[in-house]
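Coordinates in review
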Amino acid sequence: MKKIFFITMCLLIFGNLNIFAQQDEEDKFDPFKKDTVKEQYNPNGYERIYNSSFEKVWNIVIQSIEELNCQILRKTYSQTDEGYYKGKVFSDYCVIIGNTDSTWDVLKQFSLKIPIIRGGVWKSGRMQYKFWLTENPDGTTHLKLKGQLSGMEEHVTNKVQFWESNGILERKILNRIQELLQNPSMN
């Protein structure tokens, strides 16, 4: 009786493992599966129009960068001949991951196509945000954002490599700007 019980239990356990293994195999390849991250990627940058003054959007862009514990590399603005403001705010290189075993995985998560360096060891990953703001005649503010990823590869090239972001980090900071504009008490 114990033998029959033991054989039945083994069949149940191994049978279930086989079902899980088949399910994993089915999940790995789906020719019709869409990559939603790449669908949202825009090589020209990300643009928004805000129903707020240039000054307010300008200050919130700076606040959003500082919330990431990142420095401002450059910020300049001027007035056009028509009296409307335009400006640029560039962040310094914001460290998103540094010197951990998961550096490659994090860089891969935010990259459109990470550089392949055979035998390379990625020491750090960084993101730079570049904002262009323009005041419109109707009182709205046009904002364009372009981001760029870079990372230090220390084993093969011992150089900083640059490549395109897939847009996740850009959309995240744009959502934060929108949130701050909608909730003045958060400023």
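Provided above is the structure to which this section pertains.
Read on for a plain summary of the structure. (Residues numbered from 1 in each chain as written. Predicted model: local features only at pLDDT ≥ 70, side-chain atom pairs only at ≥ 80, totals over all residues. Heavy atoms only, no water.)

1. Thoughts on the overall build of the chain
On a plain count of helices and strands, the chain comes out with 5 helices and 7 strands. Ordered by position from N to C terminus, the α and β elements of the chain give α-α-β-α-β-β-β-α-β-β-β-α. Counting only contacts in the chain whose residues sit at least 6 apart along the sequence, the fraction spanning at least 24 positions is 64%. Surface summary for the chain: the accessible area is close to 12500 Å², and the carbon and sulfur share equals 52%. (Helix = DSSP H or I, 4+ residues; strand = E, 2+ residues; numbered from the N terminus. Contact = heavy atoms within 4.5 Å. Areas by Shrake-Rupley, 256 points an atom, 1.4 Å probe, with all protein chains shown as cover.)

2. Structural notes on the state of the cysteines
Evaluation of the coordinates by the stated rule reveals 1 disulfide. Sulfur-sulfur distance for the disulfide between Cys-70 and Cys-94 comes to 2.0 Å. The disulfide joining Cys-70 to Cys-94 has a torsion of about -90 degrees about its S-S bond and is therefore left-handed. Placement of the pair is Cys-70 in the loop between α3 (54-67) and β2 (72-79) and Cys-94 in strand β4 (residues 94-98), with a sequence separation of 24 residues. Side by side, Cys-70 and Cys-94 carry an identical accessibility label, which is buried. (Disulfide = S-S within 2.5 Å. Buried < 20%, exposed > 50% of the residue type's maximum accessible area, 1.4 Å probe, protein only.)

3. Describing the packing of aromatic side chains
Per the counting criterion, the structure on display carries 9 aromatic pairs. Between Tyr-77 and Tyr-85 the ring centres are 5.8 Å apart and the planes differ by 65 degrees, which places this aromatic pair in the edge-to-face class. Centroid distance Tyr-129 to Phe-131: 6.5 Å. Interplanar angle 25 degrees. Geometry classified as stacked. Across the pair, Phe-131 and Tyr-129 agree in class, each one buried. Following the ring pairs from residue to residue traces out a cluster consisting of Phe-54, Trp-58, Tyr-77 and Tyr-85. Over the ring of Tyr-93 we find Arg-126, and its NZ or CZ is 4.2 Å from the ring centre. Here Lys-130 stacks its cationic end above the ring of Phe-90, 5.6 Å away from the centre of that ring. (Phe/Tyr/Trp six-rings, centres within 6.5 Å; stacked < 30°, edge-to-face > 60°. Lys NZ or Arg CZ within 6 Å of the ring centre and 35° of its normal.)

4. Things to note about the environment of Gly-125
Structurally, Gly-125 is set in strand β5 (residues 122-135). Taking relative accessible area as the criterion, Gly-125 reaches 0% and is therefore assigned buried. For the pair Gly-125 and Ile-97, spaced 28 residues apart in sequence, the C-alpha to C-alpha distance is 5.1 Å. In contact with Gly-125, other than residues within four places in its own chain, are Cys-94, Val-95, Ile-96, Ile-97, Leu-107, Ser-150 and Gly-151.

5. A closer look at empty space enclosed by the protein
Considering all chains together, one arrives at 1 cavity of 30 Å³ or more under this definition. By volume, the largest cavity is sized at about 50 Å³. Around the largest cavity sit Tyr-41, Asn-42, Gly-45, Tyr-46, Leu-145, Lys-146, Gly-147, Glu-164, Ser-165 and Glu-170, which together line it. With 3 residues, strand β6 (residues 141-153) is the largest single contributor of residues to the lining of the largest cavity. (1 Å grid on protein atoms, 1.4 Å probe; cavity = no way out; pocket = protein on both sides within 12 Å on 5 of 7 lines; lining within 4 Å. Points joined across faces, edges and corners; volume = space filled by probe spheres on them.)

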